[in-house]
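Examination of the molecular architecture
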Amino acid sequence: MSKKEKKIPRAVLKWIRGATADVILDPTLKDNRIEVSDEGKHVAMSDVSEKERNHLRFTAPPCVLGTEGLMSGRHYWEVEVRDNLYWVAGIFRGSADRRQPLSHKNAVWAVQLWNGSEFSALSDSVRTTLPLTLYSKRVGFYVNCEEQQLSFYNTETLYVIHNFKVHFTEKYYPLFCTADTEGLFVVVPKENKTYGKIRKRLEKGNRETRLDQDWRVGVYVDCEEGQLSFYNAETLNLIYTANLMTFVHPTLLDASQAQAL
């Protein structure tokens with residue numbers, strides 16, 4: 001690594017990952033040559049010939065945008081590129097023509113890999129060559145709208161891949177482009193996901209719910225309403241709610257009840 005290449009402390013990356021956004025790909029905002037998975041976390045070309053890929057090199061690979069625009073606050077997401085040799089990922093100015101995102105000036109800020117060996121930063125249709133030593137199969141994307149910051153991170157080595165200064169005067173959308181059948185995967189950072197199998201019984205009378213999946217579960221308690229709820233913290237879907245519960249402070253119990261606790 002050269003002296004100009006900056007490495008961030010792991011504690012800083014952990015703080016950045018605290019702004020993790022649930023980025024979902026919008027199938028209504030995609031090129032017809034690519035396919036988006038049902039959960040909106042994977043995009044890939046269904047089929048592409050070498051001739052067509054070479055043509056895309058001088059035009060633009062097909063793209064898809066995220067569902068939510070970014071205009072304020074901090075946002076972070078990670079993308080696994082795996083063995084994809086032809087991809088572009090970053091952000092796109094929402095008011096620009098979405099039919100060909102990469103063909104407009106002042107519309108895209110991104111990093112790009114082409115032919116597995118040409119790594120670059122892309123802004124205002126200008127490419128800045130980046131050293132392959134910064135390349136990662138898992139790239140972190142960090143947006144701080146108030147600080148006008150867009151940064152890309154190598155999540156394996158913790159080196160900063162590139163920084164852009166962007167004026168978020170309107171909504172900008174996460175951008176994903178690929179000319180490879182391997183595609184791109186939006187993933188949850190490890191610090192924001194509890195690993196290991198969850199196996200719990202949530203009972204109310206004779207009702208029982210078992211969870212046997214790798215989920216991060218959110219627990220919500222409302223003492224006044226007697227409510228205990230469990231949520232899938234990634235999708236925000238409700239898993240189970242137990243109502244009509246009684247929450248009593250230990251200081252309000254008599255001696256025998258307190259000892260039983």
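Now for a quick tour of the structure.

Bringing the overall build of the chain into the picture now. Of the regular secondary structure elements, the chain holds three helices and 19 strands. For the chain, the residues scored as buried account for 44% of the 261 residues in total. Looking at the chain alone, contacts between residues at least 24 apart form 59% of all its contacts between residues at least 6 apart. Element-wise, carbon and sulfur atoms account for 49% of the exposed surface of the chain, whose accessible area totals about 14,800 Å².

Quick look at the pairing of strand β14 (residues 184-187) now. Side-chain alternation along β14 places Leu-184 and Val-186 on one buried face and Phe-185 and Val-187 on a second face that is also buried. Pairing of strand β3 (residues 42-45) with β14, which is carried by two bridges, proceeds in the antiparallel orientation. Within β14, the residue paired with His-42 across the bridge is Phe-185.

Evaluation of the coordinates by the stated rule reveals eight aromatic pairs. Ring geometry for Tyr-86 against Trp-114: centres 5.0 Å apart, planes inclined by 85°, an arrangement best described as edge-to-face. Taken together, the residues Tyr-86 in the loop between β5 (74-80) and β6 (87-93) and Trp-114 in strand β7 (residues 108-114) connect sequence positions 28 residues apart. Residue Tyr-86 is classed as buried on the basis of its relative accessible area, which comes to 7%.

It is worth spelling out the sheet that holds strand β11 (residues 149-154) at this point. Reading across from one edge, β2-β3-β14-β5-β10-β11-β12 is the order of the seven strands in this open sheet, with antiparallel pairing throughout. For this open sheet the edge positions go to β2 (34-36) and β12 (160-165), each flanked by a neighbour on one side alone. The sheet shows a mean angle of 20° between the axes of neighbouring strands, direction not considered.

What follows covers unusual backbone geometry. One non-glycine residue, Asn-115, lies in the positive phi region at around 60°. Turning to its location among the elements, Asn-115 is positioned in the loop between β7 and β8 (118-123). Under the relative-accessibility criterion, Asn-115 is labelled partly exposed at 42%. Located in the positive-phi region is Leu-158, a residue other than glycine, with phi close to 70°.

Next up on the list: the environment of Glu-5. Of note, Glu-5 is situated in the segment before α1 (10-17). Distance in space between the C-alpha atoms of Glu-5 and Tyr-159 is 6.9 Å, their sequence separation being 154 residues.

Turning our attention to the nonpolar core. By size, the foremost hydrophobic cluster in this structure holds 39 residues, and its most contacted members are Trp-77, Trp-87, Ile-91 and Phe-176. If we ignore the near neighbours within four places in the chain, the residues touching Trp-87 are Val-81, Val-111, Gln-112, Leu-113, Phe-119, Tyr-135, Val-139, Cys-177, Thr-178 and Leu-184. Core analysis: the next-biggest nonpolar cluster, separate from the first, contains 13 residues, Ala-107, Leu-122, Leu-175 and Cys-177 among them.

A separate point is the state of the cysteines. By definition, a disulfide is the covalent link that joins the sulfur atoms of two cysteine residues. Using the criterion set out here, one finds one disulfide in the structure. Two residues share a disulfide in this structure: Cys-63 and Cys-177, whose sulfurs sit 2.0 Å from each other. Residues Cys-63 and Cys-177 are joined through a disulfide that is right-handed, its torsion about the S-S bond being 100°. Of the two residues, Cys-63 is situated in strand β4 (residues 63-66) and Cys-177 in strand β13 (residues 172-178); the sequence distance between them amounts to 114 residues. Cys-177 sits in the buried class, given a relative accessible area of 0%.

Before going further, it helps to spend a moment on the pairing of β12. By the bridge criterion, five bridges tie β11 to β12 in an arrangement that is antiparallel. Residue Leu-150 lies in a different strand from β12, and its bridge partner there is Phe-164. Between the end of β11 and the start of β12, which pair antiparallel, lie five residues, with Leu-158 showing a positive phi angle near 70°.

So, about the sheet that holds strand β9 (residues 126-129). The seven strands are arranged β1-β4-β13-β6-β7-β8-β9 in an open sheet whose pairing can be described as antiparallel. Edge positions in the open sheet fall to β1 (25-30) and β9, since each of these has one partner strand only. Put simply, the sheet's adjacent strands are angled 30° from each other on average, direction ignored. Taken together, the four bridges between β8 and β9 define a ladder with antiparallel strand orientation. Residue Ala-121 lies in a different strand from β9, and its bridge partner there is Thr-128.

Calculation criteria
- All residue numbers here refer to positions counted from 1 along the written sequence of the relevant chain.
- For a predicted model such as this one, the threshold for reporting local features is a pLDDT of at least 70, and the threshold for listing and counting side-chain atom pairs is 80 or more; totals across whole chains, interfaces and linings nevertheless cover every residue.
- By convention in this description, side-chain values take in all heavy atoms of the structure and omit both hydrogens and water.
- Strands here mean DSSP runs of E at least two residues long; helices mean DSSP runs of H or I at least four residues long; both are numbered from the N terminus.
- When a residue's accessible area, from a 1.4 Å probe over protein chains only, is under 20% of the maximum for its type it is buried; when over 50% it is exposed; and in between it is partly exposed.
- A contact between two residues is defined here by any heavy atoms of the two lying within 4.5 Å.
- Under the convention used here, a 1.4 Å probe and the Shrake-Rupley method define accessible areas, while residue burial counts only the protein chains that appear.
- A pair of strands is considered paired only if DSSP assigns at least 2 bridges between the two.
- Geometry of aromatic contacts follows a simple scheme: Phe, Tyr and Trp rings, the Trp one being its six-membered ring, pair when their centres are within 6.5 Å, and the pair is stacked under 30 degrees between planes, edge-to-face over 60, tilted otherwise.
- All axes are obtained by fitting lines to C-alpha atoms, using only the stretch in contact for helices, and the reported angles, taken between N-to-C directions, cover 0 to 180 degrees.
- Only buried residues count toward a nonpolar core, which is a set of Ala, Val, Leu, Ile, Met, Phe, Trp, Tyr and Cys residues joined through side-chain atoms within 4.5 Å.
- Defined by distance alone, a disulfide is two cysteine sulfur atoms within 2.5 Å.

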